[in-house]
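# Examination of the molecular architecture
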Amino acid sequence: EELLQMKSSHSTSLETLIAINNQIKEEDSLEVLARIVENPNCKLKTLILSENNISCNSAHCSSGYLSKFFHSMKKNNSIVELLLLNCNIGNYDVDNICSMLQENKTLEILNLYCNHVDDPEKFLQLLGMFSNVNGQCCNGLKQFDLSKNAFKRAVGRLLKEDKIVIDEKNIKVK
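Remember, it's a predicted structure, so these values are computed and weren't measured experimentally. Residue positions within a chain follow its written sequence, with the count starting from 1. Thresholds applied to this predicted model are a pLDDT of at least 70 for local features of residues and 80 or more for the giving and counting of side-chain atom pairs; totals over whole chains, interfaces and linings are not thresholded and use all residues. The side-chain quantities take in all heavy atoms of the structure and omit both hydrogens and water.

Turning next to the sheet that holds strand β1 (residues 16-20). Pairing between strands requires that DSSP locate at least two bridges from one strand to the other. Secondary structure is summarised from DSSP: a helix means a run of H or I of at least four residues, a strand means a run of E of at least two, and numbering begins at the N terminus for each. Taken together, 5 strands build an open sheet; the order of strands is β1-β2-β3-β4-β5 and the sheet is parallel. For this open sheet the edge positions go to β1 and β5 (143-146), each flanked by a neighbour on one side alone. Put simply, the sheet's adjacent strands are angled 0° from each other on average, direction ignored. Direction of pairing for strand β2 (residues 46-50) relative to strand β3 (residues 81-85): parallel, over a ladder of 5 bridges. Its bridge partner lying in β3, isoleucine 48 is registered against leucine 83. Note on geometry: axes are lines fitted to C-alpha atoms, helical ones only across the stretch in contact, with angles between N-to-C directions running from 0 to 180 degrees.

For this analysis, a salt bridge means a side-chain nitrogen from Lys or Arg found within 4 Å of a carboxyl oxygen belonging to Asp or Glu. Scanning the entire structure with this criterion turns up 7 salt bridges. Lysine 68 is the salt-bridge partner of glutamate 31, the closest N and O atoms lying 3.8 Å from each other. Linking glutamate 31 in helix α2 (residues 27-38) with lysine 68 in helix α3 (residues 65-75), this pair joins segments that are 37 residues apart in sequence. Accessible area is worked out with a 1.4 Å probe on protein chains only. A residue is then buried under 20% of its type maximum, exposed over 50%, and partly exposed in between. Using a relative accessible area of 24% as the deciding quantity, one classes glutamate 31 as partly exposed. With its nearest N and O atoms 3.8 Å apart, the salt bridge here joins glutamate 38 to lysine 75. Here lysine 75 lies in helix α3 and glutamate 38 lies in helix α2, a separation of 37 residues in the sequence. For glutamate 38, a relative accessible area of 32% translates into the label partly exposed. Salt bridges linked by common partners bring Glu31, Arg35 and Lys68 together as one network.

In this section: the pairing of β2. Most of β2 sits inside the fold, with 5 of its 5 residues counted as buried. Across the two faces of β2 the burial is the same, with Thr46, Ile48 and Ser50 and Leu47 and Leu49 all buried. Two strands pair when backbone bridges link them, and β1 and β2 are joined in this way by 5 bridges, in the parallel orientation. Of the residues in β2, the one forming a bridge with isoleucine 20 is serine 50.

All right, on to the nonpolar core then. In terms of nonpolar packing, the biggest core is built from 42 residues, with Leu47, Phe69, Leu82, Leu84, Ile89, Ile97 and Leu107 touching the most fellow members. For this core, the leading source of residues is α2, giving 6 residues. Residues belong to a common nonpolar core when they are buried Ala, Val, Leu, Ile, Met, Phe, Trp, Tyr or Cys residues joined through side-chain atoms within 4.5 Å.

Moving on to the environment of cysteine 87. Among the structural elements, cysteine 87 can be located in the loop between β3 and α4 (94-103). In this structure, the C-alpha to C-alpha distance between cysteine 87 and asparagine 53, residues 34 residues apart in sequence, is 4.9 Å.

A few words on unusual backbone geometry. Here the phi dihedral of asparagine 86 falls at roughly 55°; this positive angle occurs in a residue that is not glycine. As for its position among the elements, asparagine 86 is in the loop between β3 and α4. Among the residues examined, asparagine 86 registers a relative accessible area of 31% and is labelled partly exposed. If you check the backbone angles, cysteine 114 has positive phi at about 60° while not being a glycine. Secondary-structure assignment places cysteine 114 in the loop between β4 (109-112) and α5 (120-129).

Shown next, in the form of structure tokens:
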């Protein structure tokens, strides 16, 4: 309801939007949020979605409402910090996240802490988005956070499969 009011009032001066504890739980809420984010007059700098079950984490949902949100983030030129803390983001959402990161040039901080990205191949796909030959992020992203346990599981599997090399400072894809 608050999102609908914000959308209808065309509030463009808001810099931080925080939605926690299942405030974003229905498709309509996420779609309205996507419309706000893609609005050229959007002045949001920080978007925090914490404790929201916004992904169903299965293949049939990958083209649904969450992908619309990530698609709208491609067009956004104001959000610098996107925190999706414990939002049930999973392996099926990685393609949409990577696609968003390729086109969004303002995002500096992406936090996926306490989510479910633990498939080694999807983890590699995400890891590939954050470095180039010089070890710098390919798109201006300065900080990427992922759950410590998900990180350990994915890195452990990739190490066992001999797909990465770990040295003192880096993890490199073979």
